[in-house]
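Descriptive analysis of the structure
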Amino acid sequence: MYQLAVVFTLLAAVMAGPISSEFNEDWQAFKDTYRKQYQPQEETLRRIIWEDNIRFIQKHNMEADRGVHTYWLGENHYADMTHEEFVKVMNGFKMTNRSSNGCGHFMAPSHVQLADLPDEVDWRKEGYVTPVKNQEQCGSCWAFSTTGSLEGQHFKKTGQLVSLSEQNLVDCSQKEGNHGCGGGLMDNAFQYIILNHGIDTEDSYPYTARDGKCKFKSQSVGATEVSCMDIQSQSVSDLQKAVATVGPISVAMDASHRSFQLYKTGIYSEPACSPTQLDHGVLAVGYGSQSGQDYWLIKNSWGTVWGMQGYFMIVRDQRNMCGVATMASFPTV
């Protein structure tokens, strides 16, 4: 059951119009596919929200088929949520001033020029990336971005891919400035891991999608780090150099758009996206080009039924689409 704080949002959705019988079978299929169960008084509201999202998807995809957009939308397990509700629950990156976060500044090797970089990078193919995870209805995206980049650097150093505990960060890094399911920052989490002399493995400290008491166990540490590095803010070229030479990089973005909630495939591009107002932590695992359009390849933490089995592509160019290059960082081990 959703919190009373979203009741007015749900009620406002009723204004979208009455239920349409043409969607009866599709609605049942949606509930069956995503194992949705509602209280009787809630189902009507969820059905209206879902129908409105389906119509939004249909309209967008018709335009995409005509070449208006470079990406397509699709039904997913968030299709029964209003966009305002979705953003409140799922987007937990908290922007802060970088000057006091304790991280150093990434300097790309002077001999590395953009022209020297490979045309395509995908660290999944090199064994650096764990399977897609699901933060569920907890604003812990920052924790998943943090573990993703450290998992990659730990693999780079040791040759062992170890899944690390997001719950360890959710429960234990408040002193460094994070707020569990209420949001946080990757650099704060990096600082916790440094000061804590490590982070536990996923197996030893499993994810619960809710705030809990810190249960860190030093004997269960899966990886350590010695420092963290910030990439020059809004420098698309520096981020490309880091992704090409370092490995998966923690990045933040503006994910506060309905089009991103329902993204399915293709190269995402949202004119309303902000390059500076960021609300979601994700993991850049590569880049490339498709049909003449450069893109970042990014791992999300919304499960494999969202997007391209949990991943998405987003425009990579000097406009810094959705702020992907604004607050990028990584750990060193």
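Residues numbered from 1 in each chain as written. Predicted model: local features only at pLDDT ≥ 70, side-chain atom pairs only at ≥ 80, totals over all residues. Heavy atoms only, no water.

1. Section: the side chain of Thr 147
- By the secondary structure assignment, Thr 147 is in helix H5 (residues 141–158).
- Among the residues examined, Thr 147 registers a relative accessible area of 2% and is labelled buried.
- Filtering out sequence-adjacent residues up to four positions away, Thr 147 remains in contact with Lys 133, Leu 164, Ser 165, Glu 166, Leu 169 and Ile 199. (Helix = DSSP H or I, 4+ residues; strand = E, 2+ residues; numbered from the N terminus. Buried < 20%, exposed > 50% of the residue type's maximum accessible area, 1.4 Å probe, protein only. Contact = heavy atoms within 4.5 Å.)

2. Considering the packing of aromatic side chains
- This structure, assessed with the given rule, holds 25 aromatic pairs.
- Both rings, one in Trp 306 and one in Phe 312, keep their centres 5.8 Å apart while their planes meet at 85°; by these two values the pair is edge-to-face. The burial state of Trp 306 is the same as that of Phe 312; both residues are buried.
- Among the aromatic residues, ring-to-ring pairing joins Tyr 71, Tyr 78, Phe 86, Phe 260, Tyr 263, Tyr 268, Trp 302, Trp 306 and Phe 312 into one connected group.
- Looking at Arg 124, its charged tip hangs above the ring of Tyr 311, at a distance of 4.4 Å from the centre.
- A cation sits over an aromatic face here: Arg 316 above Trp 296, 5.7 Å from the ring centre. (Phe/Tyr/Trp six-rings, centres within 6.5 Å; stacked < 30°, edge-to-face > 60°. Lys NZ or Arg CZ within 6 Å of the ring centre and 35° of its normal.)

3. Description of the state of the cysteines
- Going through the model one piece at a time under the given rule, you end up with 4 disulfides.
- One disulfide bridge connects Cys 172 with Cys 214, the sulfur atoms lying 2.0 Å from each other. Disulfide Cys 172-Cys 214: torsion about the S-S bond near 100°, hence right-handed. Within this pair, whereas Cys 172 is found in helix H6 (residues 166–172), its partner Cys 214 is found in the loop between strand S4 (199–200) and strand S5 (221–223), the two being separated by 42 residues in sequence.
- There is a disulfide in this structure between Cys 273 and Cys 322, and the S-S distance comes to 1.9 Å. Every disulfide takes its handedness from the sign of the S-S torsion; for Cys 273 and Cys 322 that torsion is 90°, giving right-handed. Remark: Cys 322 occurs in the loop between strand S11 (311–315) and strand S12 (329–332) and Cys 273 occurs in the loop between strand S8 (263–268) and strand S9 (280–290); sequence separation between them is 49 residues. Of the two residues examined, Cys 273 and Cys 322, each falls in the buried class. (Disulfide = S-S within 2.5 Å.)

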